[in-house]
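Here is what each chain is made of, one letter per residue.
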Amino acid sequence: PKVYAFCAKKHNLAVLRALLATPRGMGFNAIMKACPGITPRMLSTRLKELEKLKFISKGMVFGTPPKIEYRETAKTEGLKKILSELEEWGKKEL
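Everything numeric here is computed off the predicted structure, so don't read it as measured data.

**Q** Let's hear about the pairing of strand S1 (residues 56–61): which residues, and what values?
**A** As paired strands, S1 and strand S2 (residues 67–72) are joined by six bridges and run antiparallel to one another. Its bridge partner being in S2, Met 60 is matched across the sheet by Ile 68. Connecting S1 to the next strand, S2, in antiparallel fashion are five residues.

**Q** Lay out the state of the cysteines in plain terms, naming residues and giving numbers.
**A** One pass over the full model with this rule turns up zero disulfides. Cys 7 carries a free sulfur, and the closest cysteine sulfur to it, the one in Cys 35, is 15 Å from it. A relative accessible area of 37% means that Cys 7 is categorised as partly exposed. Classification of Cys 35 by relative accessible area gives buried; the value is 2%.

**Q** Any chance you could break down the side chain of Thr 76 for me, citing the residues and the numbers?
**A** The topology assignment puts Thr 76 in helix H5 (residues 74–77). Residue classification places Thr 76 among the buried positions, given a relative accessible area of 1%.

**Q** Report on unusual backbone geometry, specifying residues and quantitative values.
**A** Omega for the bond connecting Thr 64 with Pro 65 falls within 30 degrees of zero, at -10 degrees, which places this linkage in the cis form. Within the fold, Pro 65 resides in the loop between S1 and S2. The phi dihedral of His 11 is positive, around 80 degrees, even though this residue is not glycine. Mapped onto the fold, His 11 is located in the loop between helix H1 (2–8) and helix H2 (12–20). Even without a glycine there, the phi angle at Lys 54 is positive, about 70 degrees. On the secondary structure map, Lys 54 appears in the loop between helix H4 (40–52) and S1.

The rules behind each value
- Position numbers for residues start from 1 in each chain and track the written sequence from start to end.
- Two thresholds apply to this predicted model, a pLDDT of at least 70 for residue-level local features and 80 or more for giving and counting side-chain atom pairs, whereas whole-chain, interface and lining totals are computed over all residues.
- Values reported for side chains reflect all heavy atoms of the structure, with hydrogen atoms and water molecules removed beforehand.
- Strand pairing requires that DSSP identify at least two bridges connecting the strands.
- Runs of E in the DSSP output that reach at least two residues are strands. Runs of H or I that reach at least four are helices, and both are numbered from the N terminus.
- For the purposes of this analysis, a disulfide is any pair of cysteine sulfur atoms at a distance within 2.5 Å.
- Working definition: with a 1.4 Å probe on protein chains only, accessible area under 20% of the residue-type maximum means buried, over 50% means exposed, and in between means partly exposed.

Functional significance is not addressed by these values, which are geometric in nature.
Below, the structure is given as structure tokens:
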């Protein structure tokens, strides 16, 4: 099924978990720090894929200098409970 392929893609869940853990958007470097082991190129690829699937949105924050921020979408909201339960299971079983 598609869900297993999505979850099996390296770093997909780590990126989503990082975005779901913060109440506001995150910049590229903040996501890099939250996802140990991911390269900038891989993160860029994952962010583009997740944006295309509408799991995240990319927006401009105006200021000096302007910044790009990534945020969860309503589509991602349903994953919060699932990822939380998966983490709890992992703490007990792994």
